[in-house]
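Summary of the model geometry
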Amino acid sequence: MGEINLYGIYIPILLVQAIVAYVLFKLFSPWVDRLIIKGWIALPSIFNLCFYLALLLLVHGLFVWLWV
């Protein structure tokens, strides 16, 4: 994918995608926390990691789909 040149500073696209995925993760985390409190999720830390990676995959897919 490459990088973005912002006034001479090169910013990797993956960094931008990771930041967008983190913002989405923080927006969705109150709903996930409700499921953790109710006991529906057995291992919350592993679930949160997988949830963030799934959001990163989704954001990356959107970037690839919209970029091309």
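In this report, the structure presented in the accompanying data block is examined. Numbers given for residues are sequential positions, taken from 1 along each chain in its written order. Reporting of local features is limited, given that this is a predicted model, to residues whose pLDDT is at least 70; pairs of side-chain atoms are given and counted only at 80 or more, and all residues count toward the totals for whole chains, interfaces and linings. With hydrogens and water set aside, each side-chain value is computed from the structure's full complement of heavy atoms.

So, about the overall build of the chain. Looking only at helices and strands, the chain has two helices and two strands in total. Along the chain, helices and strands appear, N-terminal first, in the series β-β-α-α. What you see for the chain is a C-alpha radius of gyration of 15 Å, clearly larger than the 11 Å of a compact globule of 68 residues, by over 25%. Each principal axis of the C-alpha distribution contributes one length, and for the chain these read about 50 × 20 × 15 Å. Looking at the chain residue by residue over its 68 residues, the buried ones come to 18%. Residue contacts are counted whenever heavy atoms from the two residues lie within 4.5 Å of one another. Residue pairs at least 24 apart in sequence account for 53% of intrachain contacts in the chain once pairs closer than 6 positions are excluded. Secondary structure elements are taken from DSSP: a helix is a run of H or I of four residues or more, a strand is a run of E of two residues or more, and numbering for both begins at the N terminus. The quantity called the radius of gyration is restricted to C-alpha atoms. Its globule counterpart is 2.2 Å times the number of residues to the power 0.38. Three exposure classes are used, based on accessible area relative to the maximum for each residue type with a 1.4 Å probe and protein chains only: buried under 20%, partly exposed in between, and exposed over 50%.

What follows deals with unusual backbone geometry. Despite not being glycine, Tyr7 shows a phi value in the positive range, around 55°. Note that Tyr7 resides in the loop between strand E1 (3–6) and strand E2 (9–12).

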